[in-house]
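Examination of the molecular architecture
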Amino acid sequence: MDEKYDNGDIDIQFNNVPIIINGENRRRPEGQLVRLPSRGIDRFETAIYLNVEARIFTANHARKNRKGTECGGFLLGYTGLDQKGSFLYINIAVEAVGSIERAASLKFTHETWKALDEQRETRFPELQLVGWYHTHPGFGVFYSSPDVFIQRHFFAGDRYVGFVLDGGFEKMGIFQW
């Protein structure tokens, strides 16, 4: 049976792992941002920020995909620590080129990872991979067993998030394992 990790319309899911902060002390982002609600992990709490342009990109990508299949991509940004605590900033989203899109699954291929590496090196060298996003067209916002597998094996740790959309701007959720 497929496990579902439901988080409603917008919530942050954690898996009881302490926050891993990179060695750099980045500045907390300002400006056109969506501050996503977060819950503490043990004694830690991470503020998760989403650049409005990244949110618009993911919503447009979800709406553009009219095949009834899942689509997705990657989230680039950075993590940091300041006097207010730890934070994760999602600066930009990029489409997963060469991925295999099916009705209820999304698979990243070798071509997908290669295209991501090339984009990061040439267009966004200052940003880190901080997560991935994908759609659940008409299924709702939750993490299926395959989603949990991808998160645990390719995006493990607190510096990575998974962003799920159903219907563009209508429903979204952030997950973390």
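Our structure is the block above this text.
Throughout, a residue's number is its position along its own chain's written sequence, starting from 1. Only residues with pLDDT of at least 70 get local features here, since the model is predicted, and only at 80 or more are side-chain atom pairs given and counted; chain-wide, interface and lining totals rely on the full set of residues. For the side-chain quantities, the full set of heavy atoms in the structure was used; hydrogens and water were omitted.

1. Let's talk about the overall build of the chain
- Counting its secondary structure elements, the chain contains 3 helices and 12 strands.
- The 177 residues of the chain split such that 52% are buried.
- Note on contacts: a residue pair qualifies if any of its non-hydrogen atoms lie within 4.5 Å across the two residues. Within the chain, contacts between residues at least 6 apart in sequence are counted, and of these 70% link residues at least 24 apart.
- Computed with the Shrake-Rupley method and a 1.4 Å probe, the accessible areas treat only the protein chains shown as cover for residues. Accessible surface, the chain as shown: approximately 9,000 Å² in total, 51% of it carbon and sulfur. Helix numbers and strand numbers start at the N terminus; a helix is a DSSP run of H or I with at least 4 residues, a strand a run of E with at least 2. With a 1.4 Å probe rolled over the protein chains alone, any residue whose accessible area is under 20% of its type maximum counts as buried; one over 50% counts as exposed, and the rest are partly exposed.

2. Some points on the nonpolar core
- Remark: nonpolar core denotes a set of buried residues (Ala, Val, Leu, Ile, Met, Phe, Trp, Tyr, Cys) joined through side-chain atoms within 4.5 Å. Ranked by size, the top nonpolar core spans 24 residues in total, and within it Phe74, Leu76, Phe108, Leu129, Trp132 and Phe155 carry the most contacts.
- For this core, the elements supplying multiple residues, two or more each, are β4 (46–51), β5 (72–82), β6 (85–95), β9 (128–135) and α3 (145–154).
- Excluding residues that lie within four positions of it along the chain, Trp132 makes contacts with Gly73, Phe74, Leu75, Phe108, Tyr143, Asp147, Ile150, Gln151, Phe155, Val161, Gly162 and Phe163.
- Core analysis: the next-biggest nonpolar cluster, separate from the first, contains 14 residues, Ala54, Ile90, Tyr133 and Leu165 among them.

3. Some thoughts on α3
- Of the residues making up α3, those classed as buried are Asp147, Val148, Ile150 and Gln151. Taken around the axis of α3, the buried residues stretch over an arc of 160°, which confines them to a single face. This arc corresponds to the set of directions leading from the helix axis out to the C-beta atoms.

4. What to know about helix α1 (residues 52–64)
- What a helix is expected to span follows from its residue count: subtract one and scale by 1.5 Å. The end-to-end C-alpha distance of α1 is 18 Å, a good match for the 18 Å that 13 residues give at a rise of 1.5 Å each.
- Considered for burial, the residues of α1 that qualify are Ala54, Arg55, Thr58, Ala59, His61 and Ala62. Mapping the buried residues of α1 onto a view down its axis gives an arc of 160°, with all of them on the same face. Exposed residues on α1 whose side chains face more than 90 degrees from its buried face are Glu53 and Lys64.
- Here the buried face of α1 lies against β4, β5, β6, β9, β11 (161–166) and β12 (171–175).
- Residue Asn51 occupies the N-cap position of α1, its side-chain oxygen lying 2.6 Å from the main-chain nitrogen of Glu53. Pairs of N or O atoms within 3.5 Å make up the polar contacts considered here, provided that, within protein, one atom can donate a hydrogen while the other can accept it, and that residues adjacent in sequence are counted only when both atoms are side-chain atoms.

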